[in-house]
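A look at the structure
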Amino acid sequence: MTTPLRPSARAARLEVLRREYMAQIIAVALRRGRPVRISPYVVAQPGGQRQADLELIRTYAAEMGWQLTRSSFADVGQPPPLVQRAGFGAACRYAAQGYAHGILAIARPALTTDNESYAHLLERLHHRGVVLAYLPAAT
């Protein structure tokens, strides 16, 4: 009989998995001599907050040596579940069609705090060869 993981332990294991998937996909792009292209995704109303979030994403992508795609994606307000978000769905389709290697968001809570939904999302994106990346946590 196994003991279920505490939510915090499950979240930590999912973060390790996300980083492994990201490293694999980025390594393939680099081996092929391609720049890593990332699509920004934010959850913010149009205007100042959205622009500030996109600027943080631009700065981080530049530090990582990644190119941002011309298209960025967003949802507004208190976001519904992932499957109901038009902006995030469009970002996933865009990357899966080969226009980007992945999606860069501010932090995991911008997507979901539900570990099961997150695990399913990671598997689905990895299967399509899409990276999910976040800005580093403030220390």
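Residues numbered from 1 in each chain as written. Predicted model: local features only at pLDDT ≥ 70, side-chain atom pairs only at ≥ 80, totals over all residues. Heavy atoms only, no water.

What follows covers the packing of aromatic side chains. Evaluated as defined, the whole model comprises four aromatic pairs. On the basis of an interplanar angle of 90° and a centroid distance of 5.9 Å, the ring pair of Tyr-60 and Trp-66 is categorised as edge-to-face. This pair shows no difference in class: Tyr-60 is buried, exactly as Trp-66 is. One aromatic cluster is present, built from ring pairs that chain together Phe-73, Tyr-94 and Tyr-99. Between the NZ or CZ atom of Arg-108 and the centre of the ring of Tyr-118, over which it lies, the distance is 3.9 Å. (Phe/Tyr/Trp six-rings, centres within 6.5 Å; stacked < 30°, edge-to-face > 60°. Buried < 20%, exposed > 50% of the residue type's maximum accessible area, 1.4 Å probe, protein only. Lys NZ or Arg CZ within 6 Å of the ring centre and 35° of its normal.)

The next point concerns helix α2 (residues 48-64). For α2, with 17 residues, the first-to-last C-alpha span of 24 Å sits near the 24 Å given by 1.5 Å per residue. Of the residues making up α2, those classed as buried are Arg-50, Asp-53, Leu-54, Ile-57, Tyr-60 and Ala-61. Down the axis of α2, the smallest arc covering the buried residues is 125°, so these residues share one side. Along α2, exposed side chains directed more than 90 degrees from the buried face belong to Gly-48, Ala-62 and Glu-63. Those residues of α2 that are buried are in contact with β1 (37-43), β2 (67-68), β3 (73-75), β4 (102-105) and β5 (131-134). (Helix = DSSP H or I, 4+ residues; strand = E, 2+ residues; numbered from the N terminus. Expected span 1.5 Å × (residues − 1). Arc of directions from axis to C-beta. Contact = heavy atoms within 4.5 Å.)

So, on to the nonpolar core. Counting residues in hydrophobic clusters, the biggest one holds 22 residues, and the most contacted among them are Tyr-41, Phe-88, Ile-103, Leu-111, Tyr-118, Leu-121 and Leu-132. Mapped by element, the contributors of at least two residues to this core are α1 (7-31), α3 (86-96), β4, α4 (115-127) and β5. Setting aside its immediate chain neighbours within four residues, Tyr-118 contacts Leu-14, Glu-15, Arg-18, Arg-108, Thr-112, Leu-132 and Tyr-134. Within the second largest apolar cluster, 16 residues are counted, among which are Met-22, Val-36, Ala-61 and Ala-133. (Core = buried A, V, L, I, M, F, W, Y, C linked by side-chain atoms within 4.5 Å.)

Proximity of charged atoms lets side chains of opposite charge pair with each other. Per the counting criterion, the structure on display carries four salt bridges. Between Glu-116 and Arg-10 there is a salt bridge, with its nearest N and O atoms 3.4 Å apart. Taken together, the residues span a long stretch of sequence, with Glu-116 in helix α4 and Arg-10 in helix α1 at a distance of 106 residues. Under the relative-accessibility criterion, Glu-116 is labelled exposed at 52%. Among the ionic pairs, Glu-15 bridges to Arg-19, the shortest N-O distance being 2.8 Å. Separated by four residues within a single helix, Glu-15 and Arg-19 lie in helix α1, roughly one turn from each other. For Glu-15, a relative accessible area of 23% translates into the label partly exposed. Assessed through its relative accessible area of 52%, Arg-19 is described here as exposed. What emerges from the salt-bridge pattern is a single network uniting Glu-15, Arg-18 and Arg-19. (Salt bridge = Lys/Arg side-chain N within 4 Å of Asp/Glu carboxyl O.)

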